[in-house]
Amino acid sequence: MELVFRNKIFVLTKPSKMKQPIICLFLLTSLGLSAQDKKPKVSVSGNMGVTYEGYGLNRNPTGWTGYSQRKPWNQVRFTFQPTITTPKFSLPFNFNFNTTPTNFIGPYAGIGKQSFGQYITNPSNNFAVNPKYKWAELQLGTQYLNYSNLSTGDVGVFGAGFDLRPDVWRLKFFTGVSQQGVNFFSGGANGSYKRKNWMAQLGMEKEDSYALLFNFAKGKDDKNSIPLPPPGSVLPQEGFTMSVVGKVNIKGGWYLSTEGAQSIYTKDLFLPTSATAVTIKPFLDGNTSTVKDFAAEGMVGRKSKNFDIGVKVKYIGAGFQTVGYPFMQPDRMDYLLNTRFNAFKNKTNVTASIGQRVNNVSNTALKAKQFIGNLNWFSQINDNWSVNINYNNFGFQSNSGINPFGIKNVSNDFGIAPTYTWSNTKMVHLLSLSYNYSKYDERDVITGLTTSNNTHTALLTYVPSFLTKDLTPDFSVMYFINKLPGFKTTLATLSTGLALPAMKKKLQLRGQLQYTFSKNNTFTANNNFIASCTIDAKLNKKTTWTNFLSTNYFKHGNELGLPFIGANYLESNFRTGLMYRFGK
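For clarity, every value in this text was computed on a predicted model and none was experimentally measured.

**A closer look at the overall build of the protein**
So, point 1. Looking only at helices and strands, the protein has 2 helices and 29 strands in total.
So, point 2. For the protein, restricting intrachain contacts to residue pairs at least 6 apart in sequence, the fraction spanning at least 24 positions comes to 52%.
So, point 3. In the form shown here, the protein has an accessible surface area of approximately 34100 Å², with 62% of it arising from carbon and sulfur atoms.

**Quick word on unusual backbone geometry**
So, point 1. Geometrically, the link from asparagine 60 to proline 61 is a cis peptide bond, its omega value of 0° lying close to zero.
So, point 2. Cis geometry marks the peptide bond from leucine 562 to proline 563, where omega comes out at 0°.
So, point 3. In this fold, proline 563 is placed in the loop between strand 28 (543–555) and strand 29 (568–581).
So, point 4. Unlike most non-glycine residues, lysine 134 shows phi in positive territory, near 55°.
So, point 5. Assignment of secondary structure puts lysine 134 in the loop between strand 7 (132–133) and strand 8 (136–144).
So, point 6. Residue lysine 134 is classed as partly exposed on the basis of its relative accessible area of 45%.
So, point 7. In this structure, asparagine 346 takes a positive phi of about 65° despite not being glycine.
So, point 8. Within the fold, asparagine 346 resides in the loop between strand 17 (332–343) and strand 18 (348–359).

**Considering empty space enclosed by the protein**
A probe as big as a water molecule, rolled over the atoms, marks out the empty space that is left.
So, point 1. Tallied over the full model, the rule gives 1 cavity of 30 Å³ or more.
So, point 2. Approximately 40 Å³ is the volume found for the largest cavity.
So, point 3. The wall of the largest cavity is formed by Thr152, Val155, Val157, Asn197, Trp198, Met199, Ala217, Lys218, Val323 and Gly324.
So, point 4. Counting only elements with at least two residues in the lining of the largest cavity, the list comes to strand 11 (194–206) and strand 12 (210–222).
So, point 5. Take the lining of the largest cavity: its biggest share by element is 3 residues, from strand 11.

**Some remarks on the layout of surface pockets**
So, point 1. One number sums up the size of the second largest pocket: a volume of about 560 Å³.
So, point 2. As for the second largest pocket, its lining consists of 30 residues, of which Asn249, Tyr255, Ser257, Met299 and Lys303 are closest to the centre.
So, point 3. Secondary-structure elements contributing two or more residues to the lining of the second largest pocket are strand 11, strand 12, strand 13 (238–250), strand 14 (254–266), strand 15 (290–303), strand 16 (307–316), strand 17 and strand 18.
So, point 4. Among the elements that make up the lining of the second largest pocket, the one with the highest residue count is strand 16 (5 residues).
So, point 5. When its residues are assigned to classes, the lining of the second largest pocket shows 10 nonpolar, 10 polar and 10 charged.

**Describing the pattern of salt bridges**
So, point 1. The final tally for this structure, using the stated rule, is 11 salt bridges.
So, point 2. A salt bridge links glutamate 238 to lysine 218, with the nearest nitrogen and oxygen atoms 3.1 Å apart. Within this pair, whereas glutamate 238 is found in strand 13, its partner lysine 218 is found in strand 12, the two being separated by 20 residues in sequence. Lysine 218 shares its class with glutamate 238; the two are buried.

**Details of the side chain of asparagine 552**
So, point 1. Mapping asparagine 552 onto the fold places it in strand 28.
So, point 2. A distance of 2.8 Å separates the side chain of asparagine 552 from the side chain of asparagine 528, its partner in a polar contact.
So, point 3. Each residue touching asparagine 552, except ones within four places of it in the same chain, is listed here: Asn528, Phe529, Ile530, Tyr569, Leu570 and Glu571.

**Digging into the pairing of strand 17**
So, point 1. As defined by bridge partners, strand 16 adjoins strand 17 across 10 bridges and the pair is classed as antiparallel. Its bridge partner being in strand 17, isoleucine 309 is matched across the sheet by threonine 339.
So, point 2. Across 12 bridges, strand 17 lies against strand 18 in antiparallel orientation. Residue pairing in the sheet places asparagine 342 in a bridge with asparagine 349 of strand 18.
So, point 3. The antiparallel pairing of strand 17 with strand 18 creates a hairpin that spans 4 residues between the two strands, and phenylalanine 344 there sits at a positive phi of about 55°.

**With respect to a positive patch on the surface**
So, point 1. A contiguous patch of positive charge on the surface is contributed by Lys41, Lys538, Lys541, Arg581 and Lys584.
So, point 2. Along the chain, lysine 584 turns up in the segment after strand 29.

Rules used in this analysis
- Residues numbered from 1 in each chain as written.
- Predicted model: local features only at pLDDT ≥ 70, side-chain atom pairs only at ≥ 80, totals over all residues.
- Heavy atoms only, no water.
- Helix = DSSP H or I, 4+ residues; strand = E, 2+ residues; numbered from the N terminus.
- Contact = heavy atoms within 4.5 Å.
- Areas by Shrake-Rupley, 256 points an atom, 1.4 Å probe, with all protein chains shown as cover.
- Buried < 20%, exposed > 50% of the residue type's maximum accessible area, 1.4 Å probe, protein only.
- 1 Å grid on protein atoms, 1.4 Å probe; cavity = no way out; pocket = protein on both sides within 12 Å on 5 of 7 lines; lining within 4 Å.
- Points joined across faces, edges and corners; volume = space filled by probe spheres on them.
- Nonpolar A, V, L, I, M, F, W, Y, C, P; charged D, E, K, R; others polar.
- Salt bridge = Lys/Arg side-chain N within 4 Å of Asp/Glu carboxyl O.
- Polar contact = N/O pair within 3.5 Å; in protein donor to acceptor, adjacent residues only side chain to side chain.
- Pairing = 2+ DSSP bridges.
- Patch = residues over 30% accessible without salt bridge, like charges linked within 9 Å, V, L, I, M, F, W, Y side chains within 5 Å.
- Lys, Arg positive; Asp, Glu negative; His and termini not counted.
- Charge placed at Lys NZ, Arg CZ, Asp CG, Glu CD.

This is the structure in structure tokens:
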């Protein structure tokens, strides 16, 4: 018998003797080709590019320093973000780095030559590689990892770690440097100590079902990382936080989420140790400045297609502090009711929350309550009309403590934005008018006087879209007025833009012009003119050449007084770069 391949089907026929070797060779070749078809395919996506940016600033009269340089004079930035993917493996790169030394001090602070370690950990640069095979991920370079709301999630760390997720199990670990040591210098930054961090997570989790996770986060400053301790409030610190997270989703859209955490935090590593100090070995040896406290949050609610409702409670102890959220406000209790619903056949969508924050919970004399409110209401009235309404309220009030009068800060923001659209066979028109009112009241704790900062903003926008032409213009007018006791600022802004393609859509052009008239009290007016242009050229299927040019001219009236009446500056910015796209 003979095995013959016909129309993708093997058919048995009677072979001759001479054909047998040929048949075997053909059969092996066919099986080899079939095996090759089953091999995993490799794909590459993402992009890479290089960009140059030049900055210029001219100030008049000579010697006037009323407007400072905002960017480096010259900057070259590189981007390398490809992702290599197979059915079981992925390798994403995320490299963004520049040639001019910059960091949180600013690009114009006279920073000297950086070491290699300082360069790769600089906040303005990003070097990260995250190879992943099935359920295992290796994390290298700068990572912003969020483990939970009370442990860590707001700090970038340069280092190495892993994220393992076999079935429902979770095992994570990462360690590295979150900040380099920066020397203090007069007129510049306060300085900082080098800080090393590590974080870990262990537990079980099933997506959209349940979770039980234990989190640990540690950060410690190196008090010998800079030659001289910076003056003021910058102190070397150390902190350790542990938390447990529980989540469960129940049939019918109901959910429950909780987290409890405890922190042990040393506020000054230079202080001496003490036998009675708070200590948690082997993670942290305390001293006389070490404090311990806890925090907790809980959420319960129900989600559905057209209606959500939930309650959230959060408590942060007075001494609770974590290196994973360095700016978390302590000593407070939050109560919040959240809801979302769709109505009138989904033509109305409402998201709202209402609640209360209690500050200074641990201090009876200074304990204060503040109202928290938020509303976002959108309605599609008919085919032409729609309206969006928003409201935000954030207030803070405390009883008198050391000062004669307590603190009172109340902010109210209200906005309404109706939109009207109409069309014909050649054009679609959009006309939008938005109005926003903001009122901020603040009481002086010494005199007891309350001052109000009231702002009115009105913006009218018109955008015509041509159905038969590749033109996209826009026009807008804005009026702004701000009133303080004894001070009034008025602004009026006119803006127009135009976008259009050229050269068979291989060139995308965009221009913008803006003029602003501003006036403070009875001083003569200030004038501001801004012009910008964007030119993007598609060199081939995968390569784009981007260009951006802007100029900003501002001339003061007589508010600066002699000898700077009419002082002005001209700011310019030029950016050009090549961007290459991987993949098809």
